[in-house]
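Inside the fold
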Amino acid sequence: MTAPDPAAPGAGEVTATVIVAAPAERVFAAFTAWERQGDWIPLTKVRVMEGDGGEGTVIEAVTTAGPAVLRDEMRVVKLDPPYEVRVVHQGRVLRGPGVMRCTPMGGDRTQVVWHEWFHLPGGAAGRVAWPFLWPGSKLSLKQALKRFARLVEAGRLP
């Protein structure tokens, strides 16, 4: 059986939203400061492997928790500053599209919506486990976005 196309949405869908007290241009710049994502995504180090940060750039995010290591390789497939970033996770475990959207709200506030559609590893077992894993995935994504918002609002990102 061949692996699913990583650009096609998978069944492991997770979304988080936060309001950032900053203009969309600043929020977008902070989000696309790729190697600074480790400042707000816990236990994660991020590096640009190929490209200049724009479309076509390949990014590696490595999350380490004790002996467990998760490597996430993604390609930037669309940048529409200051509104949208699209990536495709193309690693061995994490595969599927993701999007981050910035919506200006006036008064220098921006709504950020981060949405991922992962292909679930493990076949049928992965599909059975997802309802139990989803709450933790949603919570960790939401917590990362809250930290991101605090850093942007404090002027510590980008």
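What counts as what
Residues numbered from 1 in each chain as written. Predicted model: local features only at pLDDT ≥ 70, side-chain atom pairs only at ≥ 80, totals over all residues. Heavy atoms only, no water. Core = buried A, V, L, I, M, F, W, Y, C linked by side-chain atoms within 4.5 Å. Buried < 20%, exposed > 50% of the residue type's maximum accessible area, 1.4 Å probe, protein only. Helix = DSSP H or I, 4+ residues; strand = E, 2+ residues; numbered from the N terminus. Contact = heavy atoms within 4.5 Å. Pairing = 2+ DSSP bridges. Axes fitted to C-alpha atoms, helices over the stretch in contact; angles between N-to-C directions. Salt bridge = Lys/Arg side-chain N within 4 Å of Asp/Glu carboxyl O.

All right, on to the nonpolar core then. Grouped together as the largest cluster of nonpolar side chains are 32 residues, with contacts concentrated most on Val20, Val27, Phe31, Trp40, Val112, Phe148 and Val152. Contributions of two or more residues to this core are made by strand 1 (12–20), helix 1 (24–31), strand 3 (58–65), strand 4 (68–80), strand 5 (84–90), strand 6 (95–106), strand 7 (109–118) and helix 2 (123–153). The leading source of residues in this core is helix 2, at seven residues. The residues touching valine 27, leaving out its near neighbours within four places in the chain, are Val20, Ala22, Cys102, Thr110, Val112, Phe148 and Val152.

On to the pairing of strand 4, then. Here strand 3 runs beside strand 4; their pairing, made up of eight bridges, is antiparallel. Bridge pairing in strand 4 links valine 58 to arginine 75. The turn linking strand 3 back onto strand 4 is made up of two residues, and glycine 66 within it adopts a positive phi angle of 60°. Of the pairings in the sheet, the one linking strand 4 to strand 5 comprises six bridges and is antiparallel in character. Bridge pairing in strand 5 links valine 76 to valine 87. Here strand 4 hands over to strand 5 after three residues, the two strands then running antiparallel side by side.

For the rest of this paragraph, the subject is the sheet that holds strand 2 (residues 44–50). Backbone hydrogen bonds hold the strands of a sheet together, and the pairing may be parallel or antiparallel. An order of 1-7-6-5-4-3-2 is seen for the seven strands of this open sheet, with the pairing classed as antiparallel. Single-partner strands in this sheet number two, and they are strand 1 and strand 2. Neighbour-to-neighbour, the strand axes of the sheet open up by a mean angle of 20°, direction not taken into account. Sheet contacts for helix 1: strand 1, strand 4, strand 5, strand 6 and strand 7; angle to strand 6, the most-contacted strand, approximately 155°.

Before going further, it helps to examine the pattern of salt bridges. Tallied over the full model, the rule gives eight salt bridges. Salt-bridge contacts for arginine 71 lead to glutamate 60; the nearest nitrogen and oxygen are separated by 2.5 Å. Placement of the pair is arginine 71 in strand 4 and glutamate 60 in strand 3, with a sequence separation of 11 residues. Accessibility expressed as a relative area gives 36% for arginine 71, which makes it partly exposed. Classification of glutamate 60 as buried rests on a relative accessible area of 10%.

Functional significance is not addressed by these values, which are geometric in nature.
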